[in-house]
Amino acid sequence: MPFIAVFYLAVVVLLFSGNLVVGKFATASLPPLTLAWSRMLVVFLAVTLIFGSAAWRQRQVLGREIKALAIMSINGMALFSALLYSALRVSDATTVAVLESLTPAATAMLMALFFRERLGRIRWLGILLSAAGAAWVVSDGAIVRTLARLQTGDALVAAAVLAWVVYSVAARHWLSRVPFYASLVPMTGIAVLFLTPLVVVENAFFAEAWQLDGRALVAILYLGLGPSLIALICYNRALLLVGPSHTATSLNLLPVVTMGLGYLMLGAPITLNQVIGALVVIVGVSLVTLNLRRRRLPPLEDSAG
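Residues numbered from 1 in each chain as written. Predicted model: local features only at pLDDT ≥ 70, side-chain atom pairs only at ≥ 80, totals over all residues. Heavy atoms only, no water.

**Brief notes about the overall build of the chain**
Phase 1: Helix and strand counts for the chain stand at 13 helices and zero strands.
Phase 2: Secondary structure of the chain in N-to-C order comes out as α-α-α-α-α-α-α-α-α-α-α-α-α.
Phase 3: Expressed as a percentage of the 305 residues in the chain, the buried residues total 54%.
Phase 4: For the chain, contacts bridging at least 24 residues in sequence account for 89% of all contacts bridging at least 6.
Phase 5: When the accessible surface of the chain is summed, it comes to about 14,100 Å², and 69% of that surface belongs to carbon and sulfur atoms. (Helix = DSSP H or I, 4+ residues; strand = E, 2+ residues; numbered from the N terminus. Buried < 20%, exposed > 50% of the residue type's maximum accessible area, 1.4 Å probe, protein only. Contact = heavy atoms within 4.5 Å. Areas by Shrake-Rupley, 256 points an atom, 1.4 Å probe, with all protein chains shown as cover.)

This is the structure we're talking about:
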């Protein structure tokens with residue numbers, strides 16, 4: 001693998017892991033929907049500055065596909081971020097990372113169940129292994145006892161993964177019809193508009209009093225420019241260099257890197273059950289994604305930031 005591709009993938013994994021760790025820190029002082037809205041606003045301003053002229057030149061193409069862009073934006077940007085940060089409010093970053101890493105397996109299973117895509121025994125084995133590993137982490141090794149009392153945070157991550165799966169399925173059909181970077185301008189704008197009334201309701205009825213201090217502002221800027229923009233560009237660069245298989249497989253390191261960053265930045269303990277479960281998830285998701293060599297997927301289908 002070329003060194004530049006390794007560099008791109010390392011940046012992606014670090015920034016995606018940082019999204020969870022910094023998000024966990026930021027949700028301690030900011031309401032989760034407000035954090036998601038602030039992040040998307042930063043991304044919208046950045047992509048408008050960088051890709052605004054390209055979006056204007058392609059406005060007719062983007063206008064024809066505005067419904068498709070709205071479906072992808074609402075699920076892959078607005079709902080995914082809002083649900084993920086809501087989960088981080090009540091769950092630790094490592095558990096969220098392990099559950100989020102199930103996205104490729106969940107996407108493959110949905111394609112098999114609803115679109116009759118053949119997976120094969122190895123990929124089904126990978127799906128089962130990754131699910132078992134995630135259950136082990138969530139339950140801290142007591143799977144049977146925990147099934148009866150799943151936590152709110154776990155359900156929120158599951159909903160976030162579902163939103164990203166919907167985005168992935170939509171992207172299979174529509175993302176190739178539009179210029180990707182130019183499409184980021186209307187997509188991020190739609191996400192901001194979609195989240196705005198939810199943020200108003202959150203702050204009017206549910207959120208406690210909060211203030212935007214310096215640390216929260218730095219966190220918002222990082223979440224907007226790092227995982228949402230720089231990682232996005234690096235992910236697509238790596239995809240062009242080494243293909244979807246190696247790119248997707250590298251993101252299986254997300255739980256391990258998040259575990260390490262959480263320990264270094266937040267002092268979060270690392271348990272043996274977390275390590276065992278994360279390794280099982282990595283093996284399982286690898287079995288699913290390694291079979292992707294047979295077909296080329298659109299960018300950003302395999303994991304979320």
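Text resumes after the structure shown.
**Re the environment of V280**
Phase 1: The topology assignment puts V280 in helix α13 (residues 272-290).
Phase 2: Overall, the relative accessible area of 27% leaves V280 in the partly exposed class.
Phase 3: V280 sits 154 residues away from G126 along the chain, and the two C-alpha atoms are 9.4 Å apart.

**Considerations on the pattern of salt bridges**
Phase 1: Applying the stated criterion to the full structure yields one salt bridge.
Phase 2: When the shortest N-O distance is used, the salt bridge between E65 and R177 registers 3.6 Å. Taken together, the residues E65 in the loop between α3 (59-64) and α4 (66-90) and R177 in the loop between α9 (152-174) and α10 (180-206) connect sequence positions 112 residues apart.
Phase 3: Exposure remark for R177: the relative accessible area of 45% places this residue in the partly exposed category. (Salt bridge = Lys/Arg side-chain N within 4 Å of Asp/Glu carboxyl O.)

**Some words on the environment of E100**
Phase 1: Within the fold, E100 resides in helix α5 (residues 93-100).
Phase 2: Of the residues examined, E100 reaches a relative accessible area of 2% and is grouped as buried.
Phase 3: Sequence separation of E100 and L84 is 16 residues, and the distance between their C-alpha atoms is 8.8 Å.

**Structural notes on the environment of Y8**
Phase 1: The topology assignment puts Y8 in helix α1 (residues 3-26).
Phase 2: With 228 residues separating them in the primary sequence, Y8 and N236 have C-alpha atoms 9.0 Å apart.
Phase 3: Discounting chain neighbours no more than four positions away, the residues touching Y8 are C234, R237, A238 and L241.

**A short note on the side chain of N75**
Phase 1: By the element assignment, N75 lies in helix α4.
Phase 2: Beyond its immediate chain neighbours, meaning those up to four positions away, N75 contacts F80, A163, V166 and Y167.

**Concerning the packing of α1 against α4**
Phase 1: Between α1 and α4, the least distance of the axes is 9 Å, while the angle of their chain directions is 60 degrees. In terms of orientation, α1 and α4 fall into the oblique class. For the pair α1 and α4, the crossing hand works out as right-handed. Contact residues: α1 offers N19, L20, G23 and K24, while α4 offers L84, Y85, L88 and R89.
Phase 2: Partitioning the contact of α1 with α4 into residue classes produces four nonpolar, two polar and two charged. (Axes fitted to C-alpha atoms, helices over the stretch in contact; angles between N-to-C directions. Parallel < 35°, antiparallel > 145°, perpendicular 65-115°, else oblique. Left-handed = near helix turned anticlockwise from the far one by under 90°. Nonpolar A, V, L, I, M, F, W, Y, C, P; charged D, E, K, R; others polar.)

**Observations concerning a nonpolar patch on the surface**
Phase 1: A cluster of nonpolar side chains, contributed by Y263, L264, M265, I270, L272, V275, I276 and L279, occupies part of the molecular surface with about 800 Å² of accessible area.
Phase 2: The set of elements that each furnish at least two residues to the nonpolar patch consists of α12 (254-266) and α13.
Phase 3: Take I276: it is sitting in helix α13.
Phase 4: Given a relative accessible area of 36%, I276 falls into the partly exposed group. (Patch = residues over 30% accessible without salt bridge, like charges linked within 9 Å, V, L, I, M, F, W, Y side chains within 5 Å.)

**What about the confidence of the model for the chain?**
Phase 1: Of all residues in the chain, 77% attain a pLDDT of 70 or more, and the chain-wide mean is 79.
Phase 2: Per-element confidence in the chain ranges from a low mean pLDDT of 49 for helix α8 (residues 143-147) to a high of 95 for helix α2 (residues 32-57).
Phase 3: Note on residues 144-149: pLDDT is under 50 here. Beyond four places in sequence and across chains, it has two contacts.
Phase 4: In this model residues 292-304 is a low-confidence stretch, pLDDT under 50, and it forms 48 contacts with partners more than four residues away in sequence or in other chains. (pLDDT = per-residue confidence, 0-100.)

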